[in-house]
Amino acid sequence: MENNKYPEHYFEHYIFSFSGLGYMPNEAGFEKLAKLYIDIEGIDEFFNLIKEIQIIKTDNDWLYFKSIAEGFEIEGLDIVKLKEMAEVAINISNTISESH
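Residues numbered from 1 in each chain as written. Predicted model: local features only at pLDDT ≥ 70, side-chain atom pairs only at ≥ 80, totals over all residues. Heavy atoms only, no water.

Trainee: I tried to follow the packing of aromatic side chains on my own but got confused; where do I start?
Mentor: Each aromatic ring pair is described using two quantities: the centre-to-centre distance and the angle formed by the ring planes. Counting across every chain of the model gives 10 aromatic pairs. Note on F11 and W62: the rings are 6.2 Å apart at their centroids and 80° apart in plane angle, and the pair reads as edge-to-face. A residue pair is termed long-range when its members are at least 10 positions apart, and F11 in helix α2 (residues 10–19) and W62 in helix α5 (residues 62–71) qualify at 51 residues. Across the pair, exposure class does not vary: F11 and W62 are buried alike. Geometrically, the ring pair formed by Y64 and F65 is edge-to-face, given 4.9 Å between the ring centres and 80° between the ring planes. Ring pairs connect the aromatic residues Y6, F11, Y14, Y37, F46, F47, W62, Y64 and F65, which therefore count as one cluster. (Phe/Tyr/Trp six-rings, centres within 6.5 Å; stacked < 30°, edge-to-face > 60°. Helix = DSSP H or I, 4+ residues; strand = E, 2+ residues; numbered from the N terminus. Buried < 20%, exposed > 50% of the residue type's maximum accessible area, 1.4 Å probe, protein only.)

What follows is the structure in structure tokens.
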């Protein structure tokens, strides 16, 4: 059901990327994640991620992504932290949009 909703798996990939970095699940760690993601994946992919996050927020699909994080065995990524991760990414995208 959910996989059809997010066929590109941007946020899932973003969560998986976080799992391999060893960053703390806090604002500083999420900022590092966003910057690294932009460096590796590029700005267009980052903006695609943001579009998917907006859909997740609208549809309140956090529980699904919490189960994804648990599947990757990431400690401490509860719904509150996933929302924070998403908000940090959105804030960075807004900053980038304003500077262009």
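Trainee: Is there a simple way to explain the packing of α2 against helix α4 (residues 43–59) in this structure?
Mentor: When two helices pack together, their arrangement is given by the angle between the helix axes and the distance between those axes. Look at α2 against α4: their axes get within 8 Å of each other, and the N-to-C directions meet at 110°. What the angle tells us is that α2 and α4 run roughly perpendicular. On the side of α2, the interface is formed by Y10, F11, E12 and Y14, while α4 contributes E45, F46, N48, L49, E52, I53 and I56. The class makeup of the residues in the contact of α2 with α4 is seven nonpolar, one polar and three charged. (Axes fitted to C-alpha atoms, helices over the stretch in contact; angles between N-to-C directions. Parallel < 35°, antiparallel > 145°, perpendicular 65-115°, else oblique. Contact = heavy atoms within 4.5 Å. Nonpolar A, V, L, I, M, F, W, Y, C, P; charged D, E, K, R; others polar.)

Trainee: Help me out: how do you make sense of α2 in this one?
Mentor: Given 3.6 residues per turn, any residue in an α-helix points the same way as the ones three and four places further on. Y10, F11, Y14, I15 and F18 are the residues of α2 that are buried. Buried residues along α2 cover an arc of 135° about the axis, so they all sit on one side. (Arc of directions from axis to C-beta.)

Trainee: What exactly am I supposed to notice about the pattern of salt bridges here?
Mentor: For side chains of opposite charge, pairing can occur when their charged atoms come near one another. Under the defined criterion, the tally for this structure stands at five salt bridges. Measuring nitrogen to oxygen at the nearest pair gives 3.2 Å for the salt bridge that ties D59 to K5. Note that D59 is positioned in helix α4 and K5 in helix α1 (residues 2–5), a separation of 54 residues in sequence. Two residues, K81 and E84, come together in a salt bridge whose shortest N-O distance is 3.1 Å. Residue K81 and its partner E84 are located together in helix α6 (residues 79–99), separated by three residues, close to a single helical turn. Relative accessible area serves as the criterion here: at 22%, K81 is assigned to the partly exposed category. Salt bridges linked by common partners bring K5, D59 and D61 together as one network. (Salt bridge = Lys/Arg side-chain N within 4 Å of Asp/Glu carboxyl O.)

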